[in-house]
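# Observations on the three-dimensional arrangement
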Amino acid sequence: MAYELEKRLRLNGFPFDVQHLHFPEAGHGIFGVLPDQKDDKAMKSLGEGGGSSMANYEARKQTWEQTFSFFRKVFLE
């Protein structure tokens, strides 16, 4: 679906940069607060929406890093 969103933005002349973060081994658990890896219950729940718990954890971690990098670039530079 993300590819379709990118395509639609380009076709409609969206004037801003778009970055698609792709995590092929992750499922829907990539959104939300990054849990403590020692919290077995929280880590297990990351895999309940598809993908593995660790793939979702790593995707979530990278997504937060990219989000804050964007915020620093836009608001602090």
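Structure report, in brief. (Residues numbered from 1 in each chain as written. Predicted model: local features only at pLDDT ≥ 70, side-chain atom pairs only at ≥ 80, totals over all residues. Heavy atoms only, no water.)

## Things to note about the layout of surface pockets
A volume near 1000 Å³ is recorded for the largest pocket. In this structure, the largest pocket is lined by 25 residues; those nearest its centre are Ala 2, Gln 19, His 20, Leu 21 and Thr 63. It is helix 3 (residues 53-76) that provides the largest number of residues to the lining of the largest pocket, a total of seven residues. (1 Å grid on protein atoms, 1.4 Å probe; cavity = no way out; pocket = protein on both sides within 12 Å on 5 of 7 lines; lining within 4 Å. Points joined across faces, edges and corners; volume = space filled by probe spheres on them. Helix = DSSP H or I, 4+ residues; strand = E, 2+ residues; numbered from the N terminus.)

## So, the packing of aromatic side chains
The final tally for this structure, using the stated rule, is five aromatic pairs. With a centroid separation of 5.4 Å and an interplanar angle of 65°, the aromatic rings of Phe 14 and Phe 16 are classed as edge-to-face. Given the relative accessible area of 58%, Phe 16 is considered exposed. Here Phe 71 and Phe 75 contribute two aromatic rings whose centre-to-centre distance is 6.0 Å and whose plane-to-plane angle is 45°, an arrangement assigned as tilted. Here Phe 71 pairs with Phe 75, and both are found in helix 3, just four residues apart, close to one helical turn. With a relative accessible area of 61%, Phe 75 lands in the exposed category. Chaining the aromatic ring pairs together yields one cluster made of Trp 64, Phe 68, Phe 70, Phe 71 and Phe 75. (Phe/Tyr/Trp six-rings, centres within 6.5 Å; stacked < 30°, edge-to-face > 60°. Buried < 20%, exposed > 50% of the residue type's maximum accessible area, 1.4 Å probe, protein only.)

## Here's the deal with the environment of His 28
Along the chain, His 28 turns up in the loop between helix 1 (2-11) and helix 2 (40-46). In this structure His 28 touches Gly 49 and Gly 50, once residues within four positions along its chain are discounted. (Contact = heavy atoms within 4.5 Å.)

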